[in-house]
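# What the coordinates show
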Amino acid sequence: MAVTTRRISDNLSHIRDDIAVACEKARRVPADVSIVAVTKQVDFETVRHLLDAGLSEFGENRAAQLARRAEEMNTYLERRRTPLPAPVRWHMIGHLQRNKIKTVLPTVSVVHSVDSLRLAEALNKRAGHCACTVDAFVQVNCSEEPQKHGCAVGAASHLAEMMATMPHVRVVGLMTMAPLTDDAEAARPSFARLREIFEDTRREAAVGDHFRHLSMGMSQDYAVAVEEGATVLRIGSALFA
Ligand SMILES: *Cc1c(COP(=O)(O)O)cnc(C)c1O
C-alpha cells in the first residue's frame, strides 16, 4: 500500500488533535505523548512519506522485516538531502523470540515486548556483545487472555526490577496490548490496569529513573490510552487511512 505525504500529514494532524483533546480531559500535556509509526503494513515509499511528515520513530512487529527496513532506511538516508527532524529510531513492538535477538540488535533502539526473564537476560547478553544498551518495556498481559503474549500481571514488577540490574538493558516502562475489538472503551480496563501496575512498581520496586513510560494505545484506542496515561502510542492504520 502506498500513501501520499499529504494524506499522512492530514491523518497525523487529526491524530494530534485527538491527542490534544484527550490530554486536556486528563490534565496532561501533549508533549508527554509520543507516536511510534507502525510500518508493518506499508511499503518503503510510504515510510519515506512518514519521514517527510516529521515522524522519526518507527515500529515493526517482526524481527526480519525490522532488520530489512532499517537497512533500506540507512541506504536511503545516505542519499537524502532534506534534513531530518530527529534521528531515526526503530522499535520492536511484536513478540521477540530469543533466537531472533541477533537479527534486531544493534539496529533496534527500543524493545516493547520483553515478557520473561530469559528473554531479558538474552537481550542483555547480546547488547553487551554489541557494546550497546537497549531500551526495553515489560509487556504485560493485562486482559489475562490465555493465548496472549506478555507476562502475568503479578510478575511485572519483579521482572522490571530484575531488568533494572542489567547493565545493557534500560527498563523504561510497561507495555500492553488491549483486547482486539472495534470498541475503544473495551480497552480502557487494560490501560487503567497497566497504569496501576506502573505506579505500584515505581513505588515498591527498585526500577530506576528511566522507568517512566507507558506504551499503550493503537489506531482504534489511542485517545482512551492517552486519557489513561499513555506516553507512547503505537499507531499504524490510522496514519494510512
Ligand atoms: C500492528 C501493531 C500496532 C498498530 O496497530 P494499528 O491498529 O495499525 O494502529 C501496535 N502495536 C503492535 C504490537 C502491533 O503489532
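What this report covers is the structure whose coordinates are included nearby. (Residues numbered from 1 in each chain as written. Predicted model: local features only at pLDDT ≥ 70, side-chain atom pairs only at ≥ 80, totals over all residues. Heavy atoms only, no water.)

### So, the packing of helix 2 (residues 44–52) against helix 3 (residues 63–79)
Interhelical geometry of helix 2 versus helix 3 gives an angle of 60 degrees and a closest axis separation of 11 Å. Classified by the angle their axes make, helix 2 and helix 3 are oblique. As helix 2 packs across helix 3, the resulting crossing turns out to be right-handed. On helix 3, the residues that touch Phe44, Val47, Arg48 and Leu51 of helix 2 are Arg69, Glu72, Met73, Tyr76 and Leu77. By residue class, the composition of the contact of helix 2 with helix 3 is six nonpolar, no polar and three charged. (Axes fitted to C-alpha atoms, helices over the stretch in contact; angles between N-to-C directions. Helix = DSSP H or I, 4+ residues; strand = E, 2+ residues; numbered from the N terminus. Parallel < 35°, antiparallel > 145°, perpendicular 65-115°, else oblique. Left-handed = near helix turned anticlockwise from the far one by under 90°. Contact = heavy atoms within 4.5 Å. Nonpolar A, V, L, I, M, F, W, Y, C, P; charged D, E, K, R; others polar.)

### Overview of the pairing of strand 1 (residues 34–38)
Of all the five residues making up strand 1, four are buried; the element is thus mostly covered by neighbouring parts of the structure. With four bridges joining them, strand 1 and strand 8 (residues 232–235) adopt parallel strand pairing. Paired with Ile35 across the bridge in strand 8 is Leu233. Pairing of strand 1 with strand 2 (residues 57–60), which is carried by two bridges, proceeds in the parallel orientation. Residue pairing across strands places Ala37 opposite Phe58, the latter belonging to strand 2. Taken together, strand 1, helix 2 and strand 2 constitute a β-α-β crossover, and its handedness is right-handed. (Buried < 20%, exposed > 50% of the residue type's maximum accessible area, 1.4 Å probe, protein only. Pairing = 2+ DSSP bridges. Right-handed = clockwise from strand over helix to strand, strands pointing away.)

### A few points about the nonpolar core
Ranked by internal contacts, the top residues of the largest apolar core, which has 74 residues, are Val138, Val140 and Met163. In contact with Val140, not counting residues within four places along its chain, are Gly150, Cys151, Ala152, Val153, Ala156, Leu174, Met175, Thr176, Leu194 and Ile197. Among the nonpolar cores identified, the runner-up in size contains six residues, and Val36, Val172, Met175 and Val232 belong to it. (Core = buried A, V, L, I, M, F, W, Y, C linked by side-chain atoms within 4.5 Å.)

### Quick look at the packing of aromatic side chains
Taken as a whole and judged by the stated rule, the model has three aromatic pairs. Summarising the aromatic geometry, the rings of Phe58 and Trp90 are spaced 5.5 Å apart at their centres and angled 40 degrees between planes, so their arrangement reads as tilted. One end of the pair, Phe58, is in strand 2; the other, Trp90, is in strand 3 (residues 89–92), with 32 residues separating them in the sequence. With respect to burial, Phe58 and Trp90 carry one shared label: buried. Arranged with centres 5.3 Å apart and planes meeting at 20 degrees, the rings of Phe198 and Phe211 form a pair that is stacked. Taken together, the residues Phe198 in helix 7 (residues 188–204) and Phe211 in the loop between helix 7 and strand 7 (213–215) connect sequence positions 13 residues apart. (Phe/Tyr/Trp six-rings, centres within 6.5 Å; stacked < 30°, edge-to-face > 60°.)

### Re the pattern of salt bridges
For the structure on display, the rule yields 15 salt bridges. As a salt-bridge pair, Arg6 and Asp10 come within 3.5 Å of each other at their nearest N and O atoms. Of this pair, Arg6 and Asp10 both sit in helix 1 (residues 5–26), four residues apart, which is roughly one turn of the helix. Taking the relative accessible area as the measure of exposure, Arg6 reaches 61% and is therefore exposed. One salt bridge connects Arg69 with Glu60, and the closest N-O pair in it is separated by 3.0 Å. (Salt bridge = Lys/Arg side-chain N within 4 Å of Asp/Glu carboxyl O.)

### Remarks on the environment of Ser109
Mapped onto the secondary structure, Ser109 falls in the loop between helix 4 (101–104) and strand 4 (110–114). Sequence separation between Ser109 and Asp182 is 73 residues; the distance between their C-alpha atoms is 31 Å.

### Structural notes on the site of the ligand
Around the ligand, the surrounding shell consists of Val38, Lys40, Asn61, Ile93, Met177, Met218, Ser219, Arg234, Ile235, Gly236 and Ser237. At a separation of 2.9 Å, a nitrogen atom of the ligand approaches a polar side-chain atom of Arg234. A distance of 2.8 Å separates an oxygen atom of the ligand from a polar atom in the backbone of Gly236. Contact with the protein chains covers 88% of the free accessible surface of the ligand, which is 390 Å². Residue composition of the shell around the ligand, grouped by class: five nonpolar, four polar and two charged. (Near = heavy atom within 4 Å. Polar contact = N/O pair within 3.5 Å; in protein donor to acceptor, adjacent residues only side chain to side chain. Areas by Shrake-Rupley, 256 points an atom, 1.4 Å probe, with all protein chains shown as cover.)

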